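Working through the structure, step by step
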Amino acid sequence: MFNPDMIRLLAQGIWETLYMTIVSSLLSYVLGLPLGILLIVTDKNGIHPMGFLNRLLGFVVNFVRSVPFLILLIAVIPFTRFLVGTSVGSTATIVPLVLASAPFVARMVESSLKEVDHGVVEAAQSMGAGVWQVVTKVLLPEAKPSLILNAAIATTTILGYSAMSGFVGGGGLGTISINYGFYRYQSDVMLVTVLLLVVIVQVFQEIGFRIATKGDKRSR
Amino acid sequence: MSEIIQIRNLKKTFASDKSTVIALDGVDLSIEEGEIFGIIGLSGAGKSTLVRCMNYLEKPTSGSVIFDGQDLGSMNEKELRKARRSISMIFQGFHLLMQRNALQNVCFPLEIAGVPKKEAQRKAKEMLELVGIADKAQAYPAQLSGGQKQRVAIARALATDPKVLLCDEATSALDPTTTQSILSLLQQINQKLGVTIVVITHEMGVIEAICRRVAILDHSRVAECGRVEEIFVNPRSDIAKQLIYPHGKKEPVFQKGECIRIVFDGSSSFEPVVSNMVLACGTAVNILFADTKNIDGKAYGQMLLQLPEDEMAKRKIYTYLSGQNLHFKEECANV
Ligand SMILES: Nc1ncnc2c1ncn2[C@@H]1O[C@H](COP(=O)(O)OP(=O)(O)OP(=O)(O)O)[C@@H](O)[C@H]1O
Ligand SMILES: [Mg+2]
């Protein structure tokens, strides 16, 4: 199976998978990070309680998260076409990936920020810190190790989703493994793509873990 | 002396779906500029709530807090945040930023106040020096002991040159020796910088060690308030007695014989009165009850002595005590 064509195909698959995963993860954080911050700040025990907004955001997040990814993938095809001009290929897959992951990322961010000791927040408030200062100078920096660790988990989850999108022509290693392994019974190709996915997940997870522990001043 | 904090008829209730808790029920207090003021009470008495109302971290349900002549309740958010820089706070749990080293922690309130970085660092170093841990400037909280963490917290609280330092159980997580060192640091800061200090505690020892005046909080109200030594000598409320005699120590009921009660009200220095007297008079006495404390080198409290039967010896003792400028009175022995 390891003829030059196949190797080229696999290299292309790796590249597409990385491209989808990384771009989708970044965009998920562009949406999910502010959303997570809003969720924690507007909580009834938060630093700026806003009950209605909090419940509304919470509902939307839960709603999107409860839709199975494959269904979301198909349901947003018109929207994807509108944004990207096509509904197949790796760039098109980024749209449903981001839509599905942003709420998940928001919950991850929320739980990381929740770990910050409320006393520290209160100390900052007793020094006259406003909401913005508490978020940027206390919550985010104090939660940094946990945020990074969760980012690694989010990225690997997005990678998993991207492989799933192979079913509908999403591109990347997922599509290769479906096309060759599932439709053409070339189980060796399928095995190789799965192994490649495993390696990529391990690498992402390890990088996240290293950065998180290295930057954490609580240990040592 | 002028008053830096005045609290008038302060009430605070916490309402939840099921019940309401009255945490403060009409508290009046005034704290004078430059003093060390203690607030003591049992768990749940409302101490933390009271101290959190003093900088409006907790908004009172009614009543007012006047800080330096201004009603905190009439301020908007922005004015309040500014006022809070003059009312610093330290906590039982230190509440340092774990991802910042000691120096960066002390810089934190200055950053919030918009002080330029260079200036902030200079001030922070000066503060760390003041609290005696300049050598730990680069250490992270996880690498510091409890006492050192509290010192960083004190340095951080003083960085913005506050007028008042609120200490909520600041020594409750520390061992007795460290507690003593932190208390003397607070005392030193009070004298050196003239910062008014409000000390919240449930330990009488803390009050005794550094406070000039004390308010005893009980069931959401002030049970008693006054000079520390006066309350020690003559506690009027039940809660004050309970706090001063923590193990339910009660004055014993005597059998027979003649007794005298010596009252130490701070006018004599703390010295071994009884043993001196025994040496001078050459007679033995029986100490039936004693509760004396050494506050600032002065003796406070009282002592109950059973005198010998012998009239001569008795007279000697009276003469001796009169010469010592001590208050004493004869007590009839209760049966
Ligand atoms: N946020 C809150 N919500 C509801 N009840 C509260 C809240 N904060 C305090 N209370 C209640 O108010 C009362 C006084 O609490 P407070 O923390 O002021 O007591 P304390 O004297 O500081 O006690 P401790 O010595 O245990 O710290 C308690 O009954 C407590 O349960
Ligand atoms: Mg308390």
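Because the structure is predicted, anything quoted here is derived from the model rather than measured.

**Re the pairing of strand 7 (residues 164-168) of chain B**
All names here are of chain B. A large share of strand 7 lies buried, amounting to 5 of its 5 residues. Judged from the 5 bridges that link them, strand 6 (residues 87-91) and strand 7 form a sheet pairing that is parallel. Its bridge partner being in strand 7, I90 is matched across the sheet by C167. With 5 bridges connecting them, strand 7 and strand 8 (residues 196-201) associate as parallel partners. Its bridge partner lying in strand 8, V164 is registered against T196. Assessed by its sense of winding, the connection that carries the chain from strand 7 through helix 6 (residues 176-193) to strand 8 is right-handed.

**A closer look at the sheet that holds strand 12 (residues 286-295) of chain B**
All names here are of chain B. As summarised here, the arrangement of the 4 strands in space is 12-13-11-14, forming an open sheet in which the pairing is antiparallel. Every interior strand has two partners, whereas the edge strands, strand 12 and strand 14 (327-331), have only one. Neighbouring strand axes in the sheet, compared pairwise and without regard to direction, differ in orientation by 10° on average. Bridge analysis of strand 12 against strand 13 (residues 298-306) gives 9 bridges, and the strand direction is antiparallel. Residue pairing for strand 13: T292 is matched across the bridge by G301.

**Comments concerning a nonpolar patch on the surface**
Taken together, the side chains of L70, I74, M164, F167, V168, F182 and Y183 of chain A make up a nonpolar region of the molecular surface, amounting to roughly 650 Å² of accessible area. Note on placement: I74 of chain A falls in helix 3 (residues 69-75).

**Here we look at the layout of surface pockets**
Roughly 620 Å³ of volume is contained in the largest pocket. Mapped by element, the contributors of at least two residues to the lining of the largest pocket are helix 6 (118-126) and helix 7 (131-142) of chain A together with helix 2 (77-84) of chain B. Considering every element that reaches the lining of the largest pocket, the biggest residue donor is helix 2 of chain B, with 4 residues. Considered class by class, the residues forming the lining of the largest pocket number 10 nonpolar, 7 polar and 8 charged.

**Overview of the packing of aromatic side chains**
When we look at a pair of aromatic rings, we describe it by the centre distance and by the angle of the planes. Residues and elements named next belong to chain A. Evaluation of the coordinates by the stated rule reveals 4 aromatic pairs over all chains. Aromatic side chains W15 and Y19 sit 6.1 Å apart centroid to centroid with 25° between the ring planes, which places their arrangement in the stacked category. Taken together, the residues W15 and Y19, both in helix 1 (residues 4-41) and 4 residues apart, mark about one turn of the helix. Owing to a relative accessible area of 26%, Y19 belongs among the partly exposed residues under this scheme. It is R184 that lies over the ring of Y180; its NZ or CZ is 4.3 Å from the centre.

The rules behind each value
Counting starts from 1 at the beginning of each chain's written sequence and moves along it residue by residue. Each chain gets a letter, beginning with A, and each ligand a number, beginning with 1, in the order they are written. Where totals are concerned, whole chains, interfaces and linings use all residues; where local detail is concerned, this predicted model gives features only for residues with pLDDT of at least 70, and gives and counts side-chain atom pairs only at 80 or more. The side-chain numbers reported here are obtained from all heavy atoms of the structure, hydrogens and water having been left aside. With a 1.4 Å probe rolled over the protein chains alone, any residue whose accessible area is under 20% of its type maximum counts as buried; one over 50% counts as exposed, and the rest are partly exposed. Helical segments are the DSSP runs of H or I of at least four residues, strand segments are the runs of E of at least two, and each set is numbered from the N terminus. Here, a strand pair is defined by DSSP locating no fewer than two bridges between the strands. Here a crossover is taken to be right-handed if, once the strands point away from the viewer, the path from the first strand over the helix to the second is traced clockwise. To define axes, lines are fitted to C-alpha atoms, for helices over the stretch in contact only, and angles between the resulting N-to-C directions are given on a 0 to 180 degree scale. Patch definition: residues with relative accessible area over 30% and no salt bridge; like charges joined within 9 Å; nonpolar side chains (Val, Leu, Ile, Met, Phe, Trp, Tyr) joined within 5 Å. Using a 1.4 Å probe, the Shrake-Rupley method yields the accessible areas, and only the shown protein chains count as cover for residues. Here, a salt bridge means any Lys or Arg side-chain nitrogen found within 4 Å of an Asp or Glu carboxyl oxygen. In this analysis the probe radius is 1.4 Å and the grid spacing 1 Å, with only protein atoms considered; a cavity is a set of points the probe fits into but cannot get out of, a pocket is an open set with protein on both sides within 12 Å along at least five of seven lines, and lining residues have an atom within 4 Å of a point. Grid points are joined across faces, edges and corners, and a volume is the space filled by probe spheres set on the points. Side-chain classes follow a simple rule in which Ala, Val, Leu, Ile, Met, Phe, Trp, Tyr, Cys and Pro form the nonpolar group, Asp, Glu, Lys and Arg form the charged group, and the remainder, Gly included, forms the polar group. Side-chain rings of Phe, Tyr and Trp, where Trp is taken by its six-membered ring, are said to pair if the distance between their centres is within 6.5 Å; with planes under 30 degrees apart they count as stacked, over 60 as edge-to-face, and otherwise as tilted. Throughout this description, the term charge over a ring refers to an Arg CZ or Lys NZ atom that lies within 6 Å of the ring centre and within 35 degrees of the ring normal.

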